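Residue-level structure breakdown
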Amino acid sequence: MTSEPRLVIAIDGPSGVGKSSTSHLVAQQLECDYLDSGSMYRALAVWCHHKHIDPADAGTVARTASYVDLEIVTNPIDFRIAISGVDLTDDLHRPEVSAIVSGYASNQRVREILNKQMRAIIADRGRIVVEGRDITTVVAPDADVRILLQADPRRRIARRQAQLGGALDPATVSEQVIGRDTADSANAQFKTPAPGVELIDSTMMSLDQVVAEVIALVPEEKRFPRG
Ligand code: DC
């Protein structure tokens, strides 16, 4: 038996806002598990794509989501995801996956199936940081800490470009970031904070500052697992 205080931190926000970097560091500092919910949509997209299942074929996509065995290692320093024994972690952030994933994430039945799996993981882990688009509102509206991370789109585009190591020109990166915002916001509301959700605007903040701000929102008695 563990006496560690339970803690669920939900962090939503658009792409390129720094959710993953922030969530990883918060999870490590507070000795939490980490769940990147976007990776579940991405893994399903990779799997369906390999099987030539078109996102427009909503019934087959949903059936696939319901029978595949999604295995997730929620370690913040070695997050991994596999489907039916095939580790897909290294494929998740390929540009061709980013281009198609919204189409699969728009499937409402898929969202219900994955949300159920996310809730089971959250219930099973004692302490966890979960990031996505609808975690604060739909998946874990009762989380201890709920945060919407925002940043000026120009800043997000610059960050995304730096992550890509300058492999794409700014106009293409801008088109991708803004295009994904539009597609993703049809599936979940993450532009304004829901009631009770804290807004953090990271435009002018360093990663360390954002992490410190998130941790400051955690009730003190839940911050340190071993008191
Ligand atoms: O955060 P990300 O870019 O890795 O997310 C991948 C895709 O999944 C993106 O199209 C948004 C979608 N997504 C979602 O609809 N709901 C979530 N909770 C997480 C991600």
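Note that the coordinates shown come from a computational prediction; the quantities given were computed from them, not determined experimentally.

Describing the nonpolar core
- Judged by nonpolar contacts, the single largest core of 59 residues is most densely connected at Ile9 and Leu35.
- Considering each element in turn, this core owes the most residues, eight residues, to helix α2 (residues 37–50).
- Setting aside residues no more than four positions away along its own chain, isoleucine 9 makes contact with Val26, Leu30, Ile128, Val129, Val130, Val145, Val214 and Val218.

Re the site of the ligand
- Around the ligand sit 15 residues, and of these Arg42, Arg111, Arg133, Asp134 and Asp184 come closest.
- The contact in question runs from an oxygen atom of the ligand to an N or O atom on the side chain of arginine 133, over 2.8 Å.
- Between an oxygen atom of the ligand and a side-chain N or O atom of arginine 180, the distance comes to 3.1 Å.
- For the ligand, the protein covers 97% of the area, taking 450 Å² as the surface of the free molecule.
- When contributions to the shell around the ligand are tallied by element, the ones reaching two or more residues are α2, α4 (95–105) and α8 (170–185).
- For the shell around the ligand, a count of residues per class yields four nonpolar, four polar and seven charged.

Describing the sheet that holds strand β2 (residues 33–36)
- Read from one edge of the open sheet, five strands run β2-β6-β1-β7-β8, paired in parallel fashion. Because the sheet does not close on itself, it has two edges, and the strands there are β2 and β8 (198–201). Averaged over all pairs of adjacent strands, the angle between their axes in this sheet comes to 20°, without regard to strand direction.
- Alignment of β2 against strand β6 (residues 127–132), held across four bridges, turns out to be parallel. Note on β6: the bridge partner recorded for aspartate 33 is isoleucine 128.
- Of the strands in this sheet, β2 and β6 touch α2, which is tilted by about 45° from β2.
- Those strands touched by helix α9 (residues 207–216) are β1 (7–12), β7 (145–150) and β8, and its axis lies near 165° from that of β8.

Thresholds applied
Residues numbered from 1 in each chain as written. Predicted model: local features only at pLDDT ≥ 70, side-chain atom pairs only at ≥ 80, totals over all residues. Heavy atoms only, no water. Core = buried A, V, L, I, M, F, W, Y, C linked by side-chain atoms within 4.5 Å. Buried < 20%, exposed > 50% of the residue type's maximum accessible area, 1.4 Å probe, protein only. Helix = DSSP H or I, 4+ residues; strand = E, 2+ residues; numbered from the N terminus. Contact = heavy atoms within 4.5 Å. Near = heavy atom within 4 Å. Polar contact = N/O pair within 3.5 Å; in protein donor to acceptor, adjacent residues only side chain to side chain. Areas by Shrake-Rupley, 256 points an atom, 1.4 Å probe, with all protein chains shown as cover. Nonpolar A, V, L, I, M, F, W, Y, C, P; charged D, E, K, R; others polar. Pairing = 2+ DSSP bridges. Axes fitted to C-alpha atoms, helices over the stretch in contact; angles between N-to-C directions.

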